[in-house]
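A look at the structure
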Amino acid sequence: MARWCYRHRLVVLLLWLVAFLGLGAGAAAAGSNYANVFSLPDTDSTRAVELMEEAFPERSGDTDTVVWRVSDGADGADGADGAGGSGASVRDAAVRERIEPALEKIAGMDGVGEVASPYSEAGAAQISRDGTIAYAQVTFTGQANEVPKELVEEVVDTAQAAERDGLQVELGGQAIARTQEAPAGTSELVGVVAAAIVLFLAFGSLFAMLLPIVTAVVGVGLGASATILISHVTDVPEVAPLLGSLIGLGVGIDYALFIVTRHRQNIRRGARPEDAAVSALNTSGRAVLFAGGTVCIALAGMLVTNLRFLDGVVIATSLTVVLSVLAAITLLPALLGVLGPRVLGRRQRRALADSGPVTGDPNGAAARWSSYVQKRPRSVAALAVVVMAVLAIPVLGIRLGASDQGNHADDTTTRQAYDLLAEGFGPGFNGPLQVVASGGDKAAVDGLVREVGRMEGVAQVVPLPAPEGSEITVIQVVPTTSPQAEETDDLIDRLRGQIIPAAEEGTSMSAHVGGVTAVFKDFAAQVGDRLPLFIGTIIALGFVLLLIAFRSVVVPLTAAVMNLLAAAASFGVLVAVFQWGWGTEILGLGKEGPIAAFLPVIMLSLLFGLSMDYQVFLVSRMHEEWVHTKDNARAVRVGLAETSRVINSAALIMMCVFSAFVLSGELEAAMAGIGLAAAVALDAFILRTALVPAAMHLLGKSNWWLPGWLDRRLPHLAVEPKEDTEPPSSAGTPEPAGPRGGAAGAGASSVVHGFVRTPEGEPVADATLTLVSDKGRQLDRVTSLADGSYILSAPSGGSCVLSARAEGFDPLARHVMVAGEPLVHDVVLMPAGSLSGRA
């Protein structure tokens, strides 16, 4: 398939362009139909919500708040109507003359259903006791995501136009929060630009840098369009496209990076561009296909939580990953065909022409680090474990809950409105509870109201009037503590476990605790209960996949342990930053609070998928070397040396993409971005390039142990192909070697031998001759004897590259075809500086 895509590159590019434009046009014409379906069956809060809807079916639309505060500097504030007769008051005529016209103008806007003013007869409770803070409730005709952003911006501008010295006006609510969101695509654009910089530094070539970017953008664009269309046939939440682009950009760039890196290595080792691309796709491309499958399986693990609103997230993210993989294994070889040798930088092409193919084991910083790990595996492993353990300590105190506008950055109007309401009406005002009672007589309900009012931690109890003839009573309970405080959770537990059961005893009344705070508490509890099953499922699936792929029991066990370490440490970082508040205000991330309850499920799915990617990239190269040499130390050393650089580059790209989602304007997206960026950094720089290879050196040949009975029963699924299984391309068939050349065609184990001479026939001693397979693996390396003779071992047949170097002579590289019979090939080296010697 890779060869077909390479040779028919214009057809492939046209098909992808048609798909991209066609699906995009279809999505634009259809529009999105996202549905934030959130259900928690068989919970106390869900029953309360159902009774509320039954009692108040006419209540719909998003309700937001306009809050204002006056200070002594307010013009015309004489304190005549103020509390206690001193200081400024929101009841002052000068204040009312500015606020009331603004509220009337807002009430007259198309799309606004009602404005409840504190200056109305029923609005006395909307003014604080000291008279300095008041609020008005603005009810829109639709839900927050349905209200046009232009209308919300007009409401904000109209309200804040009433401000003056000594009069502060702020707004809060879900619809208002939309005005603070960053423009769509900002975080994605910043992530792509940062990734482009990393790619350019890694490749040193503008064209090579563009390949992963183009591939990932196409995959994510198609995924976004497909998600929009799918939203018309199933429930897809609004957060799904954001998470789809988050994971799609990361894996799309990484997968293309992995393939392009292998392609460039093959060219530098002497392979023709077409053969290099085919070899890269048939090795790294297989690993990408396998890695993409593991990501999708990890994402599908969310389904076992039985949280139905996550189904749409699974669909959107998995679809984007699938399209990114398809782009990497079909679109990318076509783009490689368009570029040809220009996938290398000018300096690299010049070095290839001057010095010939690169041979031998990898060198440089990655190779030196790999050798260091081999020499000191115990110290490297111990240090890595200590670092991960220290970072994981905060996870012991994790609290799952819900973020609200009190967690927004302190310079946002929603955060300031939240703080003003808490100051004027108490911290619990921003998250009241609803105790919904059905059945029972008035005496039973009154008794419940009295008992709730006597509870410690309750600031206010207000029975809400129900429609005439209804048997449902709604009691609004305002806690003395904020919605995110642990004391509020304790209050809910005492209501459900003590007060309500005592009030129900001997009556026909049943009561349930609802409200946003109670709903998210129940959600966090459900997530916590199902998390062990979820983690066990994705670990078991990953174990089975790696067991089949690498024919080893130890490799998947190691991967499972490393994934758990990465998860614990990354959540430790998340707790320290967002729950403990270490740097949230400095970074502009808002106030500390509990970790969003849905985040562990989504983050663990993405984290386990991405961790499996790096494990596959690393171990597949080690396994490839192990199959050829059966030398564990060499396999681990070479595998780490050849993949650590690409894994680290991929991790840097992932970190850029994920960290950029801090700019999305959504706290949950910022949590996911920073959590995943930390997880990728720890996974790549500590686990995969230090702890995993150190552990594999310590385990030795046990890494590749598999019981015989299990080996016979497992299906065969190779991540990498057998050596030299592909036929050479007709366009690049190697020439027969030498005047006494052997037979063409692939063959079994053999040798290549002959003499190294000058054009005059003089023997060249001490020339270095290297035989490299078409896949870039060094088969043998020898030095010519005094009479110029040499003999190279060729363990497998097929197309190979024979290179020769000697002091005072130009290097030479030739394609040869090794068959079952010994191949005789004489090498003629030209004096240094002779261009004809490079034919």
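Residues numbered from 1 in each chain as written. Predicted model: local features only at pLDDT ≥ 70, side-chain atom pairs only at ≥ 80, totals over all residues. Heavy atoms only, no water.

Helices and strands together make up the secondary structure of the chain, namely 23 helices and 18 strands. Taken over 839 residues, the chain has a buried fraction of 55%. Of the contacts made within the chain by residues no fewer than 6 positions apart, 77% connect residues no fewer than 24 positions apart. Carbon and sulfur atoms form 58% of the exposed surface of the chain, whose accessible area is close to 34600 Å². (Helix = DSSP H or I, 4+ residues; strand = E, 2+ residues; numbered from the N terminus. Buried < 20%, exposed > 50% of the residue type's maximum accessible area, 1.4 Å probe, protein only. Contact = heavy atoms within 4.5 Å. Areas by Shrake-Rupley, 256 points an atom, 1.4 Å probe, with all protein chains shown as cover.)

It is worth spelling out the environment of Ala-819 at this point. Structurally, Ala-819 can be placed in the loop between β16 (812–818) and β17 (823–824). Here Ala-819 falls in the buried class, since its relative accessible area comes to 12%. Through-space distance from the C-alpha of Ala-819 to that of Val-752 is 9.8 Å; in sequence the pair is 67 residues apart.

Looking now at the nonpolar core. Among the nonpolar cores identified, the biggest contains 149 residues, and Tyr-255, Met-302, Leu-599, Tyr-614, Phe-617 and Phe-658 are the most heavily contacted of them. The element contributing the most residues to this core is helix α22 (residues 667–699), with 18 residues. The contact partners of Phe-658, leaving out residues within four places of it in the chain, are Leu-246, Leu-610, Gly-673, Leu-676, Ala-677 and Val-680. Core analysis: the next-biggest nonpolar cluster, separate from the first, contains 31 residues, Trp-68, Ile-127, Ala-136 and Phe-140 among them. (Core = buried A, V, L, I, M, F, W, Y, C linked by side-chain atoms within 4.5 Å.)

A few words now on the sheet that holds strand β1 (residues 63–70). Ordered by their spatial adjacency, 4 strands build an open sheet running β2-β3-β1-β4, and the pairing between neighbours is antiparallel. At either end of the open sheet lies a strand with only one pairing partner, and these are β2 (112–116) and β4 (167–172). Geometrically, the sheet is characterised by an average inter-axis angle of 20° between neighbouring strands, direction not taken into account. As paired strands, β1 and strand β3 (residues 133–140) are joined by 7 bridges and run antiparallel to one another. Counted as the bridge partner of Asp-64 is Val-138 from β3. Relative to β4, helix α5 (residues 149–160) is tilted by about 160°, and along the sheet it contacts β1, β2, β3 and β4. Together, β1, β3 and β4 form the strand contacts of helix α15 (residues 413–425), whose direction differs from that of β4 by roughly 110°. (Pairing = 2+ DSSP bridges. Axes fitted to C-alpha atoms, helices over the stretch in contact; angles between N-to-C directions.)

Bringing the pattern of salt bridges into the picture now. This structure, assessed with the given rule, holds 19 salt bridges. Of the charged contacts, one joins Glu-274 and Arg-7 as a salt bridge, the two residues approaching to 2.7 Å between their closest N and O atoms. In this pair, Glu-274 is assigned in helix α10 (residues 273–300) and Arg-7 in helix α1 (residues 2–7), connecting sequence segments 267 residues apart. Between Arg-269 and Glu-642 there is a salt bridge, with its nearest N and O atoms 3.1 Å apart. Of the two residues, Arg-269 sits in the loop between α9 (239–268) and α10 while Glu-642 sits in helix α21 (residues 632–659), which places them 373 residues apart along the sequence. Here the two residues Arg-269 and Glu-642 agree in accessibility, since each one is buried. (Salt bridge = Lys/Arg side-chain N within 4 Å of Asp/Glu carboxyl O.)

On to the confidence of the model for the chain. For the chain, the mean per-residue pLDDT works out to 82, and 88% of the residues sit at or above 70. For the stretch residues 76–86, pLDDT sits under 50, and the model shows 16 contacts to residues farther than four places along the chain or on other chains. In the predicted structure, residues 723–747 sits below a pLDDT of 50 and forms 64 contacts with residues beyond four places in sequence or in another chain. (pLDDT = per-residue confidence, 0-100.)

Let's shift gears to empty space enclosed by the protein. Evaluation of the coordinates by the stated rule reveals 9 cavities of 30 Å³ or more. The computed volume of the largest cavity comes to approximately 120 Å³. Along the wall of the largest cavity there are 15 residues; nearest its centre are Phe-258, Arg-262, Ser-284, Arg-621 and Thr-643. Taken together, the elements giving at least two residues each to the lining of the largest cavity come down to α9, α10, α20 (599–629) and α21. Classifying every residue of the lining of the largest cavity gives 4 nonpolar, 6 polar and 5 charged. (1 Å grid on protein atoms, 1.4 Å probe; cavity = no way out; pocket = protein on both sides within 12 Å on 5 of 7 lines; lining within 4 Å. Points joined across faces, edges and corners; volume = space filled by probe spheres on them. Nonpolar A, V, L, I, M, F, W, Y, C, P; charged D, E, K, R; others polar.)

Another point: the packing of helix α17 (residues 486–504) against helix α18 (residues 516–550). The angle between the axes and the distance between the axes are what describe a pair of packed helices. Packing of α17 against α18 brings their axes to within 11 Å, and their N-to-C directions diverge by 90°. As far as their axial angle goes, α18 and α17 are roughly perpendicular. Two secondary-structure elements touch here, α17 through Thr-488, Asp-489, Ile-492, Asp-493 and Arg-496 and α18 through Thr-517, Ala-518, Lys-521 and Asp-522. (Parallel < 35°, antiparallel > 145°, perpendicular 65-115°, else oblique.)

Turning our eyes to something else, we now look at the packing of helix α4 (residues 93–107) against α5. For the pair α4 and α5, interaxial distance at closest approach is 9 Å and the crossing angle is 165°. Comparing the axis directions of α4 and α5 gives the class roughly antiparallel. Along this stretch, α4 crosses α5, giving a crossing that reads as right-handed. Along its contact with α4, which presents Ala-102, Lys-105 and Ile-106, the element α5 presents Val-155, Thr-158 and Ala-159. Broken down by class, the residue content of the contact of α4 with α5 amounts to 4 nonpolar, 1 polar and 1 charged. (Left-handed = near helix turned anticlockwise from the far one by under 90°.)

The subject of this paragraph is α20. With 31 residues, α20 should cover 45 Å at 1.5 Å per step; its first-to-last C-alpha distance of 44 Å lies within 8% of that length. In terms of burial, α20 is a largely internal element, 28 of the 31 residues being buried. Two residues or fewer past α20, Lys-630 is found with a positive phi of approximately 55°. (Expected span 1.5 Å × (residues − 1).)

This paragraph deals with a nonpolar patch on the surface. There is a patch of nonpolar side chains on the surface, built from Leu-189, Val-193, Ile-197, Phe-200, Leu-201, Leu-206, Phe-207, Leu-210 and Val-214 and spanning about 840 Å² of accessible area. Where the nonpolar patch is concerned, the elements lending two or more residues are α7 (186–203) and α8 (206–230). Residue contributions to the nonpolar patch peak at 5 residues, all from α7. Positionally, Leu-206 belongs in helix α8. The partly exposed category is assigned to Leu-206, whose relative accessible area is 48%. (Patch = residues over 30% accessible without salt bridge, like charges linked within 9 Å, V, L, I, M, F, W, Y side chains within 5 Å.)

This part is about the sheet that holds strand β13 (residues 778–783). Taken in spatial order, the 4 strands line up as β13-β12-β15-β16 in an open sheet, and their pairing is antiparallel. Unpaired on one side and paired on the other, β13 and β16 mark the two borders of the sheet. Averaged over all adjacent pairs, the angle separating strand axes in this sheet is 20°, with direction ignored. In this structure, strand β12 (residues 768–773) lies alongside strand β15 (residues 798–805), joined through 6 bridges in antiparallel fashion. Bridging across to β15, Leu-769 finds its partner in Ala-804.

Our focus in this paragraph is the packing of aromatic side chains. In this structure the tally under the stated criterion is 9 aromatic pairs. Consider the rings of Phe-258 and Phe-617, whose centres lie 3.9 Å apart with planes at 20°: the pair is stacked. Of this pair, Phe-258 sits in helix α9 while Phe-617 sits in helix α20; the two residues are 359 residues apart in sequence, bridging distant segments of the chain. Under the relative-accessibility criterion, Phe-258 is labelled buried at 7%. Taking NZ or CZ as reference, Arg-342 lies 5.5 Å from the ring centre of Phe-207, over its face. Of note, Arg-757 hangs over the ring of Phe-755, and the distance from its end group to the ring centre comes to 4.6 Å. (Phe/Tyr/Trp six-rings, centres within 6.5 Å; stacked < 30°, edge-to-face > 60°. Lys NZ or Arg CZ within 6 Å of the ring centre and 35° of its normal.)

Turning our attention to unusual backbone geometry. Only a minority of non-glycine residues have a phi that is not negative, and only a minority of peptide bonds are not trans. Even without glycine at this site, Arg-551 takes up a positive phi of about 50°. Judged by its relative accessible area of 15%, Arg-551 falls in the buried class. Unlike most non-glycine residues, Asp-766 shows phi in positive territory, near 60°. Within the secondary structure, Asp-766 is located in the loop between β11 (750–757) and β12.

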